[in-house]
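These are the residues of each chain, in order.
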Amino acid sequence: MTLLFTINAPLSRAVEVEPLVAAGADSFYAGIFPSERIGELPMIINRRNHPENNFRSVAEFRAALAISHRLKRDLFVAFNEHFYPPEALSLILELLEELLGEPGLTGVIVTDIGLLIELGRRYPQLVLVASTGCVIQNSGAASLFTELGVKRAVLPRSMTLNEIHLLVQARPDMSFECFVLNDRCPNVDGLCHFVHADFTERRFPTQCRFVRLANTHSLGPDSPRHSPRRASPLSDGDFSRFFGSEPHACGACYLPILIRAGVGNMKIVGRDRSLDEKERAVRFLAEARTFLMDCLAPHGDAGSEQVARSRLDSLDFRAFQKRVKALRRSLYAGACSPDLCYYPEPPWPPSRRASHVSSRSRTK
Amino acid sequence: MEHVLHISALDDLRHFYGRRFDRLYFGAEFCPWTLPSPDHLKQALAFCARHGLDFSLVTPTLTEPHLGTALALMEELPAGTEVVLNDWGLLEAASALGLVPVLGRALLKVKRDPRIGSADLESVDFARYLRSSSLNQAAFLGFLKDRGIVRAELDNVPQGYELKLPPWLHTSLYYPYVFTSVTRRCSLMNGDRGALADGSCRDRCGLEVVRAALPARRGDRRENTEYFMAGPLIFFVNDRQPQETDGWNLDRAVFQPRPPVQATTPSLCPFEDWNAVYERRGRDVQWGHDDPDETLLGLLREASRSSSNVAASPSRSQQSIDASRILDLGCGNGRNAVAMRALGLDVIGIDLARAALRQYRLRASDAPVLHANVLKLPFGPSSFDGVVDSGCFHALLPSLRHDYASEVQRLLAPGAWLLIVARQHQAQRSREAPVFFAETVLPEWGVGPEELSALFAPDLSLQMVRDQQGRGEESFTYYLFKDSRSS
């Protein structure tokens, strides 16, 4: 039984399904870039374009579908590149036609509105998930994508807890998903138009890689043009503050606030990670969930989830955070910091944030 | 071509220049904290009414707390007003209010990578992919049409677009800033996260330039890519005219005088930083060649003869051409100044671009040159017998023309002359320029004889106007003025 939220885990190999389910995964998302069709398929098939981040064959993806279906886990496939040229759109629809012939594929994660329209028209029963690239940050945008058949939206990493709360409360008919753990890109995905083509065009790596090579000059609002106060490679401090200290971003200690807002799904970033790392992330989130249930409904009796939800407002948030941070320390090296957090908005530490959200919360 | 001025703050209305702009875009695209107040919106609307301009409200990407603010602004607009949408969340409301929705840049998916400009795109397929966008899809076009969107805003991406748009969909092209990405971690520039604190932003957007060595060819480690980070925006500058616009249905050019974030962000417009133009382009500018302007030299001789006959200036009437002291405004690489000096003239060259002056000194190490602004010259009154301006006047922001005229008149001795070489107004040219940059790669503001006469009246009178075909299809007009004051 899923309690409080689903843990949506990244997947890139069929052999990962069972261990990740054992670690606590409730659902999966994956990309597919079949090597037998490289050359036919578009240059950039999804937002994690490298083959290692994707299933390399239709056969293996089918195997993963069969296992997850047997274990009663949802599996979503991501075709979430920002747009596909017409010929690429046809190929993706053809590939999906193949995959949808098998039981077990729950839904498709999409950014491209053209693809959303085509999928909605062809497969009205398919769960369409608006990828973070759709930039659904407000209820108006949520309405538009609902009209296009979207049932669930992955929220941009850049949203604050308060913004998430207000949006989710305004759209109780929609399911929402938030990112936690691993890479925490500073760019708003749907508004980021850097070429992500590490694999197909190596000269176009992601920005966070090439900016390491860069010299920066601050021209600031008051600085005269060409009077740099700094003309040097981006400092580690700046890099860390902007890009986050890869690879172990977090956000787990804000789970109660996300749940109280009405977010039902937590998405672990990291299709590119090893199975060990994926397992560690899933286990971390699953144990954090167990902590939370222990805090809210320690007896675990029937209806405990409902009891837990009803007690969220009275949760000793600081105590929960302390436990989650201790757990994190035991699993990951390094201390917690705003640069690692998905929700770094001040005030920090977040006790005031919790009360701020609480004061605006409406009971779901 | 409809010309648009896009500003996000009323202060930037100073970039408005009568004839050049047909429409005002008002508002920001990427930051909800820069939404204008209702009062500022009213002032902008009133400004447009006064100047006969069309108006479009530009709305940014929005999170839930800002949605209501943006909706309230839209409610202030008369039905039929255009709204440039950068968030899908306002589309339904715009239609309900009878406003005309435009697909903003933030809603159009296309690759806008600063590296593309310097990359050698060996793969034809990849180049083709880069030139495609959501607008290449029939389904997306149908979606736009169904929702009453008949205009899409394009960035001036260096790779261009392969488009064959249906006749109902028109496009606008933004210049000179191409937006690449948006972040809400504005802290790299500002040092804290004020923008995320409490629904207000106390920060002023800084500006960071990033120069990266990204190999366009294997092994090449030169810094060949430049982009900027200002507030939430990552962007680059592309002031090059698109090579091919067939199929784009392009009928609007949107000029942004500063990076589209806050009014505090410095401008990077090429005409506000000529040094950068020379540094980035080297000699690859239209006027960067070595050939002197023979028409100018011929007129100079005439001017000198004319000057020597000025009865009102007896003290100078006997001066020969070689005794004249001449100022070359915006001398650039010195191609004309060198030729004038060869005629025996005493020529001082001034330019705002140090890089241009370095080129000049390479040609003539002993030449008198000064780094100076034409609006504030380090010379006393009546210092010159003649002033030459070849291509400087038409590159000045039109709002600065009166300052220019005052300064030039201050420097001219009684009876002296002024020779200006400038482009005509676009409408007077032999063919309409395809987009904003006209025939050159930089924006220029043409001028006509009436305007120039009015500008320098009553002390300077127009003696001669001559049109001249330049290199290629270029066409310039030469204006010779004479100072009619008595000494």
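Our structure is the block above this text.
Here the residue numbering is sequential within each chain, running from 1 through the sequence in written order. The naming scheme follows written order: chains are lettered A onward, ligands numbered 1 onward. pLDDT decides what is reported in this predicted model: residues at 70 or higher carry local features, side-chain atom pairs at 80 or more are listed and counted, and totals for whole chains, interfaces and linings draw on all residues regardless. The side-chain quantities take in all heavy atoms of the structure and omit both hydrogens and water.

With that out of the way, let us pick up the overall build of chain A. Elements are defined by DSSP. Helices are runs of H or I of four residues or more, strands are runs of E of two residues or more, and each kind is numbered from the N terminus. On a plain count of helices and strands, chain A comes out with 13 helices and eleven strands. Across the 364 residues of chain A, 63% fall into the buried class. When contacts within chain A are restricted to residue pairs at least 6 apart in sequence, long-range pairs at least 24 apart make up 70% of them. Only the protein chains shown count as cover for residues, with accessible areas throughout obtained via the Shrake-Rupley method and a probe of 1.4 Å. By element, 51% of the accessible surface of chain A is carried by carbon and sulfur atoms, the whole surface being about 13,100 Å². For every residue, the accessible area (1.4 Å probe, protein chains only) is compared with the maximum for its type, and the residue is labelled buried under 20%, exposed over 50%, or partly exposed between those bounds. The contact criterion used throughout is that any non-hydrogen atoms of two residues lie within 4.5 Å.

Here we take up unusual backbone geometry. Put simply, Tyr-175 of chain B and Pro-176 of chain B share a cis peptide bond, and its omega is 0 degrees. As for its placement among the helices and strands, Pro-176 of chain B is situated in the loop between strand S7 (170–175) and strand S8 (177–182). In the segment running from Ala-457 of chain B into Pro-458 of chain B, the intervening peptide bond is cis, with an omega of 5 degrees. One can find Pro-458 of chain B in the loop between helix H13 (449–456) and strand S18 (460–469). Notably, Leu-4 of chain A is not glycine yet its phi reads approximately 70 degrees, a positive angle.

Residues and elements named next belong to chain B. Paired strands, as defined in this entry, are two strands with at least two bridges between them according to DSSP. Reading across the sheet, the seven strands line up as S15-S14-S13-S16-S17-S19-S18 and stay open at both edges, with mixed pairing between neighbours. In this open sheet, the two edge strands, each paired with only one partner strand, are strand S15 (369–371) and S18. The average angle at which neighbouring strand axes cross in this sheet is 15 degrees, direction not considered. Across three bridges, strand S14 (residues 346–351) lies against S15 in parallel orientation. When the bridges of S15 are listed, Gly-349 appears paired with Val-369. Interaxial angle, 0 to 180 degrees, is taken between N-to-C directions of lines fitted to C-alpha atoms, where a helix line uses only the stretch in contact. Contacting strand S13 (325–329), S14 and strand S16 (384–390), helix H10 (residues 335–342) crosses the sheet at an angle of about 165 degrees to S13. Relative to strand S17 (residues 412–422), helix H12 (residues 401–411) is tilted by about 135 degrees, and along the sheet it contacts S13, S16, S17 and S18.

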